[in-house]
Amino acid sequence: MNRLDHLTRQLEPGDGHAAHGRRPSVVPYVTAGDGGWRSTVEVLHGIEAAGAVAVELGMPHSDPVADGPILQQAAARALRSGFSFADFERCVAQYRSEGGSLGIVAFGYANVLLEAHGRAGLARLERAGVDGIAIADLPFEEASELREAARSLDLGTVFFAAPNTSRARLEALADAATGFVYALARRGTTGRATAIDSTLKDHLALVRAASSHTLLAVGFGLTSRADIDRLRGHCDLAVVGSALVEYVHRERAIGRDVRTAARRFVARLVEPAPS
Amino acid sequence: MTDRYFRRSGLARPFGGCFVAETLVAPLVDLERRFLEALDDASFNAQLDMLLRDLAGRPTPLLRARRLGDALGCELYLKREDLVHTGAHKLNNALGQCLLAQRSGRRRVLAETGAGQHGVATATAAAALGLECEVHMGTRDVERQATNVRRMELLGARVIATDAGDATLKEAVSSALRAWVDDPDSTTYVIGSALGPHPYPRMVAHFQRVIGDEARRQILERTGALPDVAVACVGGGSNAIGLFSAFMDDAVELVGVEAGGEGIETGRHAARMASGSTGGVIGVLHGSRSRLLQDADGQVRATTSISAGLDYPSLGPEHADLETSGRARYTSATDRLALEACLELTRTEGILPALESSHALASVRSESARYAGRRVLVCLSGRGDKDLSTIAEHIAAGGRHE
Ligand SMILES: Cc1ncc(COP(=O)(O)O)c(C=O)c1O
């Protein structure tokens, strides 16, 4: 049991779910500190107001090798403004103190989420109100320290399944994941559009079969309401990152309120298209 | 298979490892398998030996540098990697990795480059082996190393410039990794130094070991004895690990020389180990855990060096391990001292060395008292033609090198 379990309770995982053909729940990704820490708190409130139940909150890194240009630039903007690990904590703590209840998965790279501050850093995140940890460049075989710390801190862990992950590894990484399994919708970095086709659906079926006890998230290149609709019955969670980050950034640049911008963008994704 | 890969991936803990996006795990496991098979494959080794001899021009000579040695008061030997085809040791490794890619049926290779030497080497190996080649390079290095960009293009490579971050070697590696993750099946990443996730550090050390093996044999033949000291510059650490590997079990002092930039005390340098308490602490960058110049939050710090090839915030995990165990010692040389050493070698021995290699010479000059009367082997990793404009600019700006 860990702090991400409320997600599991809300969205029963597994075949039962998929068989009901339920539409996946939208999990927005935002880069923390883009526009300043207060802006991030506002964005979190906007996402919650739109009806999402969880968010992936990205800790910016100077060298985000798994990210495409949009998230690279968002991280660079955040770091240029001096955004630190302590600011990340402060964002989450402030959002919680203002009554925010989204499930929060801290998302980032091994060097900033694990190496630099170690177990003490994870404890700080947990105290601030983080529920789970996802590290893009940490195969589960390298994650024994994370898994141990997460267990004792009650944090959920997320591991990734790629289109070229072997079946044996799928099972092992699903066993290691106490939060959810994050299936990468395609090869490559974040941001570029993804075709939701039979290849992806077959991949998701394989991942689902190996991980029936955990929630299954899909992400990389999802941008629209139609994308989410097309994933109906194939996964529990759908992550939308670059498209949201870019939208909020543009709105901010022309002086618009970011809470409203985030709410509006996410609300459109959360609502199924009229049939 | 994957389990065994991960068990082998760590050097002495905590260094090494495999910190990559899930999409790269399967290609790396596959690469390791192909590399381990090639190690014992007589036909692979025969083909590589032939390429090293007939295309690269190996073995390279060992020069007794009498005039410079006399000036410094030591018995100085230079391993002439500047005479390798394309002008640096980089081709040893590029040929090994490209041959492996070709024999595994890959169509295309990717490389990163800082000074442009690894880019040129990979473009050359790719041309010779009929592979497509794409070289990633920071826009700042594209400017500093314009001649090498033109060479790569003539060799048929596509040069992809990236202007992210500092637009130097670090960003080039990130850019190449992103391109690989886009197309991991028909493409192989040919990394240019002893960096990256397992098995790269081990594989690059293997392909560069020819430097040390030849030098060891040559100096024994020439003098009947081993050197007292073996010195090499350390960017990512490939020429150094190639030299060191052959002397690991001998009573030979191993010295790696990092880029001291404008001086350690200015904070503007690329000395991950030689900068003491202000320097690199343990961290993960580009797939492995090593020493890394970073801030308290794990954000990577900017580096400064006159040498594009040394301008990188981390270094190969094997060097971090050798430093920790005390088997090798790491020091640094500033831009200014490297430049002076470069000019001195040119005038005393008639060899214009690469600015990277000049750092190794500079440290021998700075520590000449320590080396007095001893037999010193320096890896002259490359030639300096690519650096002509940088050298000219610094002379013009500094004035003092007449
Ligand atoms: C001539 C020369 N020497 C040394 C280096 C540094 O690389 P390494 O430390 O991998 O030998 C470079 C890198 O570009 C180079 O061109």
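The rules we used
Residues numbered from 1 in each chain as written. Chains lettered and ligands numbered in written order. Predicted model: local features only at pLDDT ≥ 70, side-chain atom pairs only at ≥ 80, totals over all residues. Heavy atoms only, no water. Pairing = 2+ DSSP bridges. Helix = DSSP H or I, 4+ residues; strand = E, 2+ residues; numbered from the N terminus. Axes fitted to C-alpha atoms, helices over the stretch in contact; angles between N-to-C directions. Near = heavy atom within 4 Å. Polar contact = N/O pair within 3.5 Å; in protein donor to acceptor, adjacent residues only side chain to side chain. Areas by Shrake-Rupley, 256 points an atom, 1.4 Å probe, with all protein chains shown as cover. 1 Å grid on protein atoms, 1.4 Å probe; cavity = no way out; pocket = protein on both sides within 12 Å on 5 of 7 lines; lining within 4 Å. Points joined across faces, edges and corners; volume = space filled by probe spheres on them. Contact = heavy atoms within 4.5 Å. Buried area = accessible area lost by both parts, 1.4 Å probe. Salt bridge = Lys/Arg side-chain N within 4 Å of Asp/Glu carboxyl O. UniProt positions renumbered as here; feature names shortened; annotations may be inferred. Buried < 20%, exposed > 50% of the residue type's maximum accessible area, 1.4 Å probe, protein only. Domains from an automatic or database assignment. Parallel < 35°, antiparallel > 145°, perpendicular 65-115°, else oblique. Nonpolar A, V, L, I, M, F, W, Y, C, P; charged D, E, K, R; others polar. Right-handed = clockwise from strand over helix to strand, strands pointing away. Arc of directions from axis to C-beta. Phe/Tyr/Trp six-rings, centres within 6.5 Å; stacked < 30°, edge-to-face > 60°. Lys NZ or Arg CZ within 6 Å of the ring centre and 35° of its normal.

**Some words on the sheet that holds strand 2 (residues 75-80) of chain B**
Residue and element names in this part refer to chain B. As summarised here, the arrangement of the 6 strands in space is 1-2-12-7-8-11, forming an open sheet in which the pairing is mixed. The two strands at the open ends of the sheet, each matched to only one other strand, are strand 1 (62-64) and strand 11 (328-334). For this sheet, the mean inter-axis angle between neighbouring strands, taken without regard to orientation, is 25°. Here strand 2 runs beside strand 12 (residues 375-380); their pairing, made up of 6 bridges, is parallel.

**Focus: the site of the ligand**
Residue and element names in this part refer to chain B. Inspection of the region around the ligand gives 19 residues, with Ser-193, Gly-235, Gly-237, Ser-238 and Ser-381 positioned closest. Ser-193 places a side-chain nitrogen or oxygen 2.5 Å from an oxygen atom of the ligand. In this structure, an oxygen atom belonging to the ligand sits 2.7 Å away from a side-chain N or O atom of Ser-238. Summarising the interface, the protein chains cover 97% of the accessible area of the ligand, which totals 390 Å² for the free molecule.

**Structural notes on empty space enclosed by the protein**
All names here are of chain A. Using the criterion set out here, one finds 6 cavities of 30 Å³ or more in the structure. A volume near 340 Å³ is recorded for the largest cavity. Lining the largest cavity are 36 residues, with Asp-67, Leu-71, Phe-107, Thr-190 and Phe-220 sitting closest to its centre. Secondary-structure elements contributing two or more residues to the lining of the largest cavity are strand 1 (25-31), helix 4 (69-80), strand 3 (103-108), strand 6 (180-184), strand 8 (237-240) and helix 12 (242-253).

**Looking at the interface of chain A and chain B**
Listed per partner, the contact involves 36 residues of chain A and 36 residues of chain B. When chain A packs against chain B, close to 2700 Å² is buried across both sides, 47% of that on carbon and sulfur atoms. Where chain A packs against chain B, one counts 5 salt bridges. A salt bridge links Arg-289 of chain B to Glu-115 of chain A; the nearest nitrogen and oxygen atoms lie 2.7 Å apart. Across the chain A-chain B interface, the total number found is 21 residue pairs in polar contact (both at pLDDT 80 or more). Every element with two or more residues in the side of chain A that touches chain B is listed here: helix 4, helix 6 (110-115), strand 5 (156-161) and helix 9 (167-176) of chain A.

**As for the UniProt feature "active site" (unreviewed entry) in chain A**
UniProt records the feature "active site" (unreviewed entry) for Glu-56 and Asp-67 of chain A in the present numbering. Considering only the annotated residues already named, the ones lining the largest cavity are Glu-56 and Asp-67 of chain A. For Glu-56 of chain A, the position within the fold is in strand 2 (residues 54-58). Overall, Glu-56 of chain A belongs to the buried group, its relative accessible area being 0%. Every residue in contact with Glu-56 of chain A, bar those within four places of it in the chain, is listed here: Val-27, Pro-28, Tyr-29, Val-30, Val-105, Phe-107, Phe-180, Tyr-182 and Val-239 of chain A. Inspection of the secondary structure puts Asp-67 of chain A in the loop between strand 2 and helix 4. Among all residues touching Asp-67 of chain A, those that are not within four sequence positions of it are Gln-72, Tyr-109, Thr-189 and Thr-190 of chain A together with Arg-178 of chain B.

**Comments concerning the domain arrangement of chain B**
Residue and element names in this part refer to chain B. Annotation of chain B at the domain level lists domain 1 (21-53 + 90-197) and domain 2 (57-87 + 202-398). Each of domain 1 and domain 2 has a C-alpha centre, and the two are 22 Å apart. Taken together, the contacts link 40 residues of domain 1 with 42 residues of domain 2. Both faces considered, domain 1 and domain 2 share a buried interface measuring about 3200 Å² in area, 59% of it formed by carbon and sulfur atoms. Summed over the shared surface of domain 1 and domain 2, the number is 0 salt bridges. Taken together, domain 1 and domain 2 are joined by 13 residue pairs in polar contact (both at pLDDT 80 or more).

**Notes on the UniProt feature "modified residue: N6-(pyridoxal phosphate)lysine" (unreviewed entry) in chain B**
All names here are of chain B. As annotated in UniProt, the feature "modified residue: N6-(pyridoxal phosphate)lysine" (unreviewed entry) corresponds to Lys-90 in the numbering used here. Structurally, Lys-90 can be placed in helix 5 (residues 90-103). Judged by its relative accessible area of 16%, Lys-90 falls in the buried class. Residues contacting Lys-90, with those up to four places away along its chain left out, are Gln-117, His-118, Ala-121, Gly-192, Ser-193, Gln-208 and Ser-238.

**Examining the packing of helix 1 (residues 2-9) of chain B against helix 2 (residues 25-39) of chain B**
Residue and element names in this part refer to chain B. Put simply, helix 1 and helix 2 touch, their axes get as near as 10 Å, and they point 80° apart. Our classification of the angle between helix 1 and helix 2 gives roughly perpendicular. Here Thr-2, Tyr-5, Phe-6 and Arg-8 of helix 1 lie close against helix 2, whose contacting residues are Val-25, Leu-28, Val-29, Glu-32 and Leu-36. Classifying every residue of the contact of helix 1 with helix 2 by side-chain character gives 6 nonpolar, 1 polar and 2 charged.

**What to know about the pairing of strand 2 of chain A**
Residue and element names in this part refer to chain A. Among the 5 residues that make up strand 2, 5 are buried, leaving the element largely enclosed by the rest of the structure. Residues of strand 2 alternate between two faces, with Ala-54, Glu-56 and Gly-58 on one and Val-55 and Leu-57 on the opposite face, all of them buried. Bridging between strand 1 and strand 2 involves 3 bridges; their strand directions are parallel. For Tyr-29, the partnering residue across the bridge sits in strand 2 and is Glu-56. The parallel pair strand 1 and strand 2 is bridged by helix 3 (residues 37-49), and the resulting crossover is right-handed.

**With respect to unusual backbone geometry**
Here the bond from Arg-58 of chain B into Pro-59 of chain B is cis, since omega is -5°, no more than 30 degrees from zero. Secondary-structure assignment places Pro-59 of chain B in the loop between helix 3 (42-54) and strand 1. A positive phi angle, close to 95°, is found at Phe-220 of chain A, a residue other than glycine. Structurally, Phe-220 of chain A can be placed in the loop between strand 7 (215-219) and helix 11 (225-230). Positive phi, normally seen in glycine, also occurs at Thr-86 of chain B, with a value near 80°.

**What about the pairing of strand 2 of chain B?**
Regular strands place side chains that alternate from one sheet face to the opposite one. Residue and element names in this part refer to chain B. In terms of burial, strand 2 is a largely internal element, 6 of the 6 residues being buried. The two faces of strand 2 match: Glu-75, Tyr-77 and Lys-79 on one face and Leu-76, Leu-78 and Arg-80 on the other face are all buried. Two elements, strand 1 and strand 2, share 3 bridges in a ladder whose sense is antiparallel. Paired with Arg-64 across the two strands is Tyr-77, which belongs to strand 2.

**Things to note about helix 8 (residues 146-154) of chain B**
Residues and elements named next belong to chain B. Burial in helix 8 covers these residues: Asn-148, Val-149 and Met-152. Relative to the axis of helix 8, the buried residues are bounded by an arc of 105° and lie together on one face. Summarising the geometry of helix 8, the exposed residues directed more than 90 degrees from the buried face are Arg-150 and Leu-154. The secondary structure elements touched by the buried residues of helix 8 are strand 3 (108-113), helix 6 (117-129), strand 4 (132-138), helix 7 (139-144) and strand 5 (158-162). One or two residues past the end of helix 8 sits Gly-156, with phi positive at roughly 95°.

**Observations concerning the packing of aromatic side chains**
Across all of its chains, the model carries 13 aromatic pairs over all chains by this definition. Look at Phe-160 of chain A and Tyr-182 of chain A: their rings are 5.0 Å apart centre to centre, the planes differ by 35°, and that puts the pair in the tilted class. Here Tyr-182 of chain A lies in strand 6 and Phe-160 of chain A lies in strand 5, a separation of 22 residues in the sequence. Between Phe-44 of chain B and Phe-207 of chain B, the aromatic rings sit 6.4 Å apart at their centres with planes inclined by 40°, giving tilted as the arrangement. Placement of the pair is Phe-44 of chain B in helix 3 and Phe-207 of chain B in helix 10 (residues 200-223), with a sequence separation of 163 residues. Phe-207 of chain B shares its class with Phe-44 of chain B; the two are buried. In textbook terms, an aromatic cluster arises when at least three aromatic residues are bridged by ring pairs, as seen for Tyr-29, Phe-107, Phe-160, Tyr-182 and Phe-220 of chain A. The lysine or arginine in question, Arg-268 of chain A, covers the ring of Tyr-247 of chain A, its NZ or CZ lying 6.0 Å from the ring centre.

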